[in-house]
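What follows is each chain in one-letter form.
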Amino acid sequence: MPHKVLVSIDVTSEQLELISSSGDVEITVKNQKNLTAEDVHDKEIIVGNIAPALTKEAKALKFLQLNSAGFDNYVGVLDKNVRSEERRVGKECVCECRS
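Residues numbered from 1 in each chain as written. Predicted model: local features only at pLDDT ≥ 70, side-chain atom pairs only at ≥ 80, totals over all residues. Heavy atoms only, no water.

**Things to note about the overall build of the chain**
How we decide: Counting from the N terminus, the helices are DSSP H or I runs at least four residues long and the strands are E runs at least two residues long. Buried, partly exposed and exposed residues are distinguished by accessible area as a fraction of the type maximum, computed with a 1.4 Å probe on protein chains only: under 20%, between the cut-offs, and over 50%, respectively. Contacts are assigned to residue pairs that have any heavy atoms within 4.5 Å of one another.
Scanning the chain from N- to C-terminus turns up two helices and six strands. Listed N to C, the secondary structure of the chain is β-α-β-α-β-β-β-β in terms of helices and strands. Looking at the chain as a whole, 26% of its 99 residues qualify as buried. In the chain, once contacts between residues fewer than 6 apart in sequence are set aside, the share between residues at least 24 apart is 33%.

In structure tokens form, the structure reads like this:
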């Protein structure tokens, strides 16, 4: 069964291809401003800063990759334990929030 992935940030076709090549995944791309509870309810992986209130609707969420540093807005709204990790990749800082 494929992992359901929601990408809510601007990505190139090359970046989508890279995500697709990472394994058995079903990818949905939708602008974060237009997301609804229905969009997130069955997603295991979400890439992008979704509205913190929507995380309660993401019942299958296992991994949330934020596209900004800091996850303060998500603490207290996730129904799961939150762990953060930060590392440098080239000039970019990668921060993630995991359940």
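**Focus: the side chain of Glu44**
Note the threshold: Here a polar contact is taken to be a pair of N or O atoms separated by no more than 3.5 Å, where protein atoms must pair a possible hydrogen donor with a possible acceptor and residues adjacent in sequence count only if both atoms sit in side chains.
You can see Glu44 is positioned in the loop between helix 2 (37–40) and strand 3 (45–47). For Glu44, a relative accessible area of 14% corresponds to the buried category. At a separation of 3.2 Å, a polar atom in the side chain of Glu44 contacts the side chain of His3. Apart from the residues within four sequence positions on either side, Glu44 is in contact with Pro2, His3, Lys4, Ala60, Leu61, Lys62 and Phe63.

**Here's the deal with the pattern of salt bridges**
Put simply, the rule reads: A carboxyl oxygen of Asp or Glu within 4 Å of a side-chain nitrogen of Lys or Arg is what we treat as a salt bridge.
Tallied over the full model, the rule gives four salt bridges. Here Lys30 makes a salt bridge to Asp39, at a shortest N to O gap of 2.8 Å. What makes Lys30 partly exposed here is its relative accessible area of 29%. Residue classification places Asp39 among the buried positions, given a relative accessible area of 15%. A salt bridge links Asp42 to Lys43; its shortest N-O distance comes to 2.9 Å. By relative accessible area, which is 23% here, Asp42 ends up partly exposed. By relative accessible area, Lys43 is classed as buried at 8%. One salt-bridge network, held together by shared partners, links Lys4, Asp42 and Lys43.

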